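Coordinate analysis (summary)
What follows is the residue order along each chain.
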Amino acid sequence: MSKFLRVKCDCGEESVVFGDSKTSVNCAKCGTQIIKSSGGRALVNCRILEVLS
Ligand SMILES: [Zn+2]
């Protein structure tokens, strides 16, 4: 199931990302890779604040 996630990077920047993203996502503020693409399933590399339905 596809969901959006509200996540918070270690630097404090919050982002909304697609939970099934097939591409990597970097933090807009510090550039840390917060979503890692891994063979079709995204790995969240930061804190999940909220799952948006
Ligand atoms: Zn950051």
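For the structure itself, consult the block above.
Here goes a summary of the coordinates provided. Worth saying up front: this structure is predicted, and the values here are computed from it rather than measured.

About the cut-offs
Residues numbered from 1 in each chain as written. Predicted model: local features only at pLDDT ≥ 70, side-chain atom pairs only at ≥ 80, totals over all residues. Helix = DSSP H or I, 4+ residues; strand = E, 2+ residues; numbered from the N terminus. Rg over C-alpha atoms; globule rule 2.2 N^0.38 Å. Buried ≥ 20, exposed ≤ 12 C-beta atoms within 10 Å, placed from the backbone. Contact = placed C-beta atoms within 7 Å. Pairing = 2+ DSSP bridges.

Notes on the overall build of the chain
Along the backbone of the chain there are 0 helices and 6 strands. Going residue by residue from the N terminus, the α and β elements of the chain occur as β-β-β-β-β-β. Computed over C-alpha atoms, the radius of gyration of the chain comes to 10 Å, within 12% of the 10 Å expected from 2.2 N^0.38 for 53 residues, which places it in the range of a compact globule. Each of the three principal axes of the chain carries a C-alpha extent, and together these read 30 × 25 × 15 Å. Buried residues in the chain amount to 17% of all 53 residues. Residue pairs in contact within the chain that sit at least 24 positions apart in sequence constitute 28% of those at least 6 positions apart.

With respect to the sheet that holds strand β4 (residues 33-38)
Across the sheet, which stays open at both edges, the 3 strands sit in the order β3-β4-β5 with antiparallel pairing between neighbours. Every other strand in the sheet has two partners, leaving β3 (25-26) and β5 (41-44) as the edge strands with one partner each. In the sheet, β4 pairs with β5 via 4 bridges, with the strands oriented antiparallel. Residue pairing across strands places Lys36 opposite Leu43, the latter belonging to β5.

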